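Single-letter residue listing:
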Amino acid sequence: MTTAMGAALRRIQLGNALSAFGNGFTVPYLYVYVAKVRGLGAGTAGLTLFTLAVAALIVLPFTGRAIDRRGPLPVAIVGTVSAAIGSLGMGLSGSTPLVIASAAALGAGIAVIQPALATMIVWCSTPLTRSRSFATQFFLNNLGLGVGGLIGGLMVDEHAASSFIRLFGIESVMFLVLGATVATVRLPAAPKVEDAMPTGERPEGAWRALMRDRSMVWLCALGFVMFFACYGQFEAGLAAYATEVTRVSPAMLGIALFANTAAIVVTQFVVLKLVERRRRSRVMALVGLIWTVAWVAAALSGLVHGAQAVATGLLISTYVLFGVGESMLSPTVAPLVADLAPASLIGQYNSAFALVKQLAMASGPLLGALLVGLGLHVAYVSLLIMFSLGITVLALRLGRRLTASQDNPFVGRTRRAEALAAAGSVDSVEPADSVEPVESADRVAVAA
């Protein structure tokens, strides 16, 4: 990685961390703010959360096209402005129409920012440094959210709307800081990266090409199951199960969420050293087994009667195990999406995967809350155990479709060097930091 690429990547990571810090001020309190502080009721609060998800689903199919045509930088800036307007509007809104409109701007902006930043990280990294780059982004995201949430909790007063205006104002400013920071980034223009830059002409049939890429389709299916089984349960299904079945207090639930964040922050770089040279498909399969154990612990927490301390410990262990699994996925999944993408469709692939994540994040809480709300606790936990085991099965199946370089860039590079050496072409081996096109038997040409 060149000095210029490293400097650009550090700026992206800094802006991303500050944005996550701002998010932490408001994310835990959005429902309470709309329903109680503004007095708009639970129905409006639920509609607000629904609008955040729907807005993201609407804009994501078009985001990849914009990134590949215009580049990720202007798209990221547009997203930060939209998110800043939505966040500030949320803090100042006192009526249902204004809250919903602000939620739409906020949800659309955040949805645009995610694949744009992911594409910028791809441009500023190499196949061998990409895992560490995405792991760092995930670490800083969680650290920022945790610190922001902690400070926001000290500032918030549910009896004073002005305290929430301050929180949303801080979040809005942090989005603008992110936009200003990435605006100063000079994306690399080295020959090995230029192929990934948009040239003004974008091949037609991008979605068709993506759908015909069977490796990417498998990864999207795997991604949906992963996000459904973990992230999609935090805010609704698992929280409802914890309070209604395990019988933990809301304060203890907050401690469990903190344990999840702490597990990520503490283990991220330790886990990175253990997994970055391993086969990505095997790492994802192991995450499925870890999350299976996590859901078994959650099930046991609801069966322990008369020993609340044991039940609480089991529930907290569920959140900790989720955090360990998340730490393993952060250097694995996003780099794989990038390595599967043709150079001209990096934005499209990132946006497609973000769309899959959003679908899981929208459907997961809905189904989880419904099953727990109907008292189908056994069915709920059983379903999530099956989903977690499904992660392992899908990951192993995906591994059969990946090339050596896609599944493990380090092994792929070593094998290529050995083959060239055997052919007497050692001098033609590229430096380890270069970016190389990745070929797959399942890759199809984009229609002209």
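Residues numbered from 1 in each chain as written. Predicted model: local features only at pLDDT ≥ 70, side-chain atom pairs only at ≥ 80, totals over all residues. Heavy atoms only, no water.

Regarding the nonpolar core
With 107 residues, the main nonpolar core has M216, L219, L222, M284, W291 and Y380 as its most contacted residues. Here this core takes 12 residues from helix α5 (residues 96-123), the largest share from any one element. Not counting residues up to four positions away in its chain, the partners in contact with M284 are L222, M226, L329, T332, V333, L336, I391, A395 and L398. Judged by nonpolar contacts, the second largest core, of 5 residues, contains A56, L60, A354 and L355. (Core = buried A, V, L, I, M, F, W, Y, C linked by side-chain atoms within 4.5 Å. Buried < 20%, exposed > 50% of the residue type's maximum accessible area, 1.4 Å probe, protein only. Helix = DSSP H or I, 4+ residues; strand = E, 2+ residues; numbered from the N terminus. Contact = heavy atoms within 4.5 Å.)

Quick word on the side chain of Q268
Locating Q268 in the fold gives a position in helix α13 (residues 250-275). Judged by relative accessible area, which is 0%, Q268 ranks as buried. Every residue in contact with Q268, bar those within four places of it in the chain, is listed here: A135, F138, F139, A263, S327, S330 and P331.

With respect to the side chain of S87
Tracing the backbone shows S87 in helix α4 (residues 72-92). Among the polar contacts made by the side chain of S87, one reaches the main-chain carbonyl oxygen of F168 at a distance of 3.1 Å. When neighbours within four sequence positions are excluded, S87 is seen to be in contact with L106, F168, E171, S172 and F175. (Polar contact = N/O pair within 3.5 Å; in protein donor to acceptor, adjacent residues only side chain to side chain.)

Structural notes on the packing of helix α14 (residues 280-301) against helix α15 (residues 308-329)
Helix-helix packing is characterised by the crossing angle of the two axes and by the distance between the axes. Here α14 crosses α15 at 165°, and the two axes come no closer than 8 Å. When the interaxial angle is binned, α14 and α15 end up roughly antiparallel. α15 is crossed by α14, and the crossing has left-handed handedness. When the residues that make up the contact of α14 with α15 are grouped by side-chain class, the tally is 19 nonpolar, 4 polar and 1 charged. (Axes fitted to C-alpha atoms, helices over the stretch in contact; angles between N-to-C directions. Parallel < 35°, antiparallel > 145°, perpendicular 65-115°, else oblique. Left-handed = near helix turned anticlockwise from the far one by under 90°. Nonpolar A, V, L, I, M, F, W, Y, C, P; charged D, E, K, R; others polar.)

Considering unusual backbone geometry
Of note, the phi angle at R247 is positive, near 70°, even though the residue is not glycine. Structurally, R247 can be placed in the loop between α12 (237-244) and α13.

Quick notes on the environment of V372
Within the secondary structure, V372 sits in helix α17 (residues 346-373). Between the C-alpha atoms of V372 and V245, which are 127 residues apart in sequence, the distance is 8.8 Å. Ignoring sequence-local partners within four residues, the contact set of V372 consists of G237, A240, Y241, E244, H377 and Y380.

Focus on the pattern of salt bridges
Applying the stated rule across the entire model yields 4 salt bridges. In this structure, the salt-bridge partner of D339 is R130, at a minimum N-O distance of 2.8 Å. Placement of the pair is D339 in helix α16 (residues 333-340) and R130 in helix α6 (residues 130-155), with a sequence separation of 209 residues. The residues D339 and R130 share a single accessibility class, namely buried. (Salt bridge = Lys/Arg side-chain N within 4 Å of Asp/Glu carboxyl O.)

In short, the description is geometric, and any link to function would need to be established separately.
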